[in-house]
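Geometric and topological summary
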Amino acid sequence: MQPLLPDWAADDIDPRIPSPARVYDHLLGGFANFEVDRRIAAKMIEVIPEVPRTARANRAFLQRAVRYLAEAGIDQYLDLGSGIPTAGNVHEIAQRVDPAARVVYVDIDPVAVTMSRRLLTGNPNATAVHGDFTDLPAVLAHPQVTGLLDFSRPIAVLLVSVLHFVYDDAVAERLFARLHEALAPGSHVALSHLTREGPAEQLERMRAVTTEVTGRGDKLRTHAEISTLLGDFEPVEPGLVHLARWRPDPDQPLPELRPLDGFAAVAVKH
C-alpha cells in the first residue's frame, strides 16, 4: 500500500522512487521531498561533503544571472528544468526589476510543477508547465509557453544545473542549436554545469550514487565540452568560468574557488 501523500504531491507520485528535483530541494533546505530523496542526499554528502554548498552556489548563480539579464532589459524567461520553488525564484528577481516581466517554468517532476503553480497563484505573468526540456520542440510549442512568451522578441533561457541529465552529447548540442534557431537576436542562455575536472575516485563514487536516481549517473563534462555545447551563442564577460566566479556580488568577499562546483556562463545570440 502506497503511503499517504502530503498535499503538495501529485496523486500519481510514488514516494519510494527518488527524484532529482526533490533531492536538490532537500540539499537547499526545502521540505518538498521524501525519505528516499533524503537518503540519496545523505549518500552524496558522504562522498562529497561540499554538495549542499554547491547546490546553494548554483542557486546563487541563477539569481545573479537573472538580475544581470533583467537589468540588461530582458523581460521574458524560459526556465528549463526549473525544479521546486525556493527563496529567490526567477519571477521574484525579474519582476522586482520589471513588474511586467514574464516567466515560464518547465519541469518534468510533478511536485515541482504543483509547487510552482501554487506559488504563482494570482501572478498573471508567470506560469509552470509540466514537460521534458530535452523534448524542446514540444516545450516551445506548448500553448502556455507560446501564450505567455513572444518569440519574436528576446528571451532568456535558463539551463541551470540540468545539463548533466542529458547524457548524449549529440542531444545536448541539438538542444542548443534548436534554441539558437528559435530565439530572436538579443536572446540569451544561462547555464551552469557540473564538471569531471576533479578527483577521479571521488567523482566515480558520486556517479554511483546519482545512478540510483537517474539510472546511469550524471554526465559530467569538461570546460571545453561545455563550451562546445554553446555553439553559436557568444558568452558575455567573464565567459565560461568557475561557478562562483561568474560576476560575484561586489559587496561580498570573493568566493573560494572550488573546481567540483563546475562552470557557468551567460551567452547571447547576435
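Everything below is about the structure shown above.
Given the structure is predicted, the values throughout are model-derived calculations rather than measurements.

Another point: the overall build of the protein. The secondary structure content of the protein amounts to 10 helices and 8 strands. Relative to the globule expectation of 18 Å for 270 residues, the C-alpha radius of gyration of the protein, 18 Å, shows essentially globular dimensions. Across its three principal axes, the protein shows a C-alpha extent of roughly 50 × 40 × 40 Å. Within the protein, contacts between residues at least 6 apart in sequence are counted, and of these 70% link residues at least 24 apart.

The next thing to look at is unusual backbone geometry. The linkage connecting Glu237 with the following residue, Pro238, adopts the cis geometry, with an omega of 10°. When you line up the elements, Pro238 lands in the loop between β6 (234-235) and β7 (241-242). Phi angles above zero are rare outside glycine, and Ser161 is one such case at about 55°. Considering the arrangement of structural elements, one finds Ser161 in the loop between β4 (156-160) and α8 (169-182). One non-glycine residue with positive phi stands out, namely Arg247, at about 45°.

Moving on to the side chain of His164. Within the secondary structure, His164 is located in the loop between β4 and α8. For His164, a relative accessible area of 4% puts it in the buried group. Beyond its immediate stretch of four places on either side in the chain, His164 contacts His193, Leu194, Asp218 and Lys219.

Basis of the calculations
Residues numbered from 1 in each chain as written. Predicted model: local features only at pLDDT ≥ 70, side-chain atom pairs only at ≥ 80, totals over all residues. Heavy atoms only, no water. Helix = DSSP H or I, 4+ residues; strand = E, 2+ residues; numbered from the N terminus. Rg over C-alpha atoms; globule rule 2.2 N^0.38 Å. Contact = heavy atoms within 4.5 Å. Buried < 20%, exposed > 50% of the residue type's maximum accessible area, 1.4 Å probe, protein only.

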